[in-house]
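# Remarks on the overall topology
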Amino acid sequence: MYMQKRQKSRFLFSDRWLDRHSIVRNMEAFQDLIVIVLCLGLFAVMLIQLWGIAIALIQPLDYKHVTAKILFVLILVELFRLLMVYLQEHSISVGVAVEVTIVSLLREIVVHGALEMHWVNTLAICGLLFVLGGLLVVCAKTPHMDCMSANTKFCPIVYRGGRERQNELEFQYSRQCDENQPLG
């Protein structure tokens with residue numbers, strides 16, 4: 001008895017009107033469009049916040065309020081940078097995400113004041129900052145940790161010519177397997 005292996009990399013109608021590669025390509029383009037819209041929205045929010053900082057500096061100065069707004073703009077800048085890295089590499093940068101989280105936590109401490117917070121919250125934030133700091137050290141010590149997982153041309157360690165060549169070889173193998181299947 002001869003048993004056939006289940007085909008893993010093909011749609012049911014791949015030879016007809018559903019082409020997996022064109023669907024994936026179109027979905028990636030749509031995803032890039034969503035990220036671009038998010039970037040434009042972040043940029044608009046940054047401009048509004050900068051205008052608010054300028055207005056706050058003209059009025060009687062509330063240091064806590066102005067500092068919170070400045071730190072919020074820095075968080076938006078880091079998020080913008082995270083989206084730019086995603087557009088370039090189609091991968092989220094772990095180091096940048098950790099930096100955004102650390103700045104967000106520090107902003108909360110500045111806004112609410114470390115002395116006004118409950119001791120459990122302070123202890124939890126300190127623990128989280130300790131873990132995030134360790135993760136940031138690991139990201140800094142690991143050479144090109146973010147780009148190794150992305151396997152892009154920007155990574156000097158992993159990139160060996162692109163995914164296109166690998167996909168081409170996979171499809172040739174898939175076609176050969178299809179041709180060698182016994183007709184049932």
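This text goes with the structure placed above it.
Turning next to the pattern of salt bridges. Overall, the coordinates contain four salt bridges when judged by the stated rule. Between Arg81 and Glu99 there is a salt bridge, with the nearest N and O atoms lying 3.1 Å from each other. Residue Arg81 is found in helix α2 (residues 63-89), and its partner Glu99 is found in helix α3 (residues 94-112); the two are separated by 18 residues along the sequence. Judged by relative accessible area, Arg81 falls into the partly exposed class, the value being 36%. Given a relative accessible area of 28%, Glu99 falls into the partly exposed group. Between Glu108 and Arg107 there is a salt bridge, with the nearest N and O atoms lying 3.2 Å from each other. The network of salt bridges with common partners includes Glu78, Arg81 and Glu99.

Turning next to the nonpolar core. Val35, Cys39, Leu42, Met46, Leu76, Leu83 and Tyr86 together form the largest nonpolar core, which totals seven residues. Of all elements in the fold, only α1 (20-58) and α2 reach the threshold of two or more residues within this core. Take this core: its biggest share by element is four residues, from α1. Ignoring sequence-local partners within four residues, the contact set of Leu76 consists of Leu42, Val45, Met46 and Gln49. Of all hydrophobic cores here, the second largest spans six residues; its members include Ile102, Met117, Ile125 and Leu132.

Before going further, it helps to examine α3. Taking 1.5 Å per residue as the helical rise, α3 with its 19 residues ought to reach 27 Å, and the 27 Å between its terminal C-alpha atoms agrees with that figure. When α3 is considered as a whole, its buried residues turn out to be Gly95, Val96, Val98, Val100, Ile102, Leu105 and Arg107. Gly113 sits one or two residues past α3 and shows a positive phi near 80°.

Below, the discussion takes up helix α4 (residues 119-141). End to end, α4 covers 33 Å across 23 residues, agreeing with the expected 33 Å (1.5 Å per residue, within 8%). Of the residues making up α4, those classed as buried are Ile125, Leu132 and Cys139.

Among the surface-exposed residues, Phe30, Leu33, Ile34, Val37 and Leu38 lie close enough to one another that they form a single nonpolar patch of about 480 Å² accessible area. Mapped onto the fold, Val37 is located in helix α1.

Unusually for a residue other than glycine, His90 sits at a positive phi of about 55°. Inspection of the secondary structure assignment puts His90 in the loop between α2 and α3.

Attention now moves to the packing of α1 against α2. At a minimum axis separation of 9 Å, α1 and α2 run at an interaxial angle of 160°. On the basis of the axis angle, α1 is roughly antiparallel to α2. Between α1 and α2 lies a crossing of left-handed hand. The residue inventory of the contact of α1 with α2, partitioned by class, reads 23 nonpolar, four polar and two charged.

What counts as what
- Residues numbered from 1 in each chain as written.
- Predicted model: local features only at pLDDT ≥ 70, side-chain atom pairs only at ≥ 80, totals over all residues.
- Heavy atoms only, no water.
- Salt bridge = Lys/Arg side-chain N within 4 Å of Asp/Glu carboxyl O.
- Helix = DSSP H or I, 4+ residues; strand = E, 2+ residues; numbered from the N terminus.
- Buried < 20%, exposed > 50% of the residue type's maximum accessible area, 1.4 Å probe, protein only.
- Core = buried A, V, L, I, M, F, W, Y, C linked by side-chain atoms within 4.5 Å.
- Contact = heavy atoms within 4.5 Å.
- Expected span 1.5 Å × (residues − 1).
- Patch = residues over 30% accessible without salt bridge, like charges linked within 9 Å, V, L, I, M, F, W, Y side chains within 5 Å.
- Areas by Shrake-Rupley, 256 points an atom, 1.4 Å probe, with all protein chains shown as cover.
- Axes fitted to C-alpha atoms, helices over the stretch in contact; angles between N-to-C directions.
- Parallel < 35°, antiparallel > 145°, perpendicular 65-115°, else oblique.
- Left-handed = near helix turned anticlockwise from the far one by under 90°.
- Nonpolar A, V, L, I, M, F, W, Y, C, P; charged D, E, K, R; others polar.

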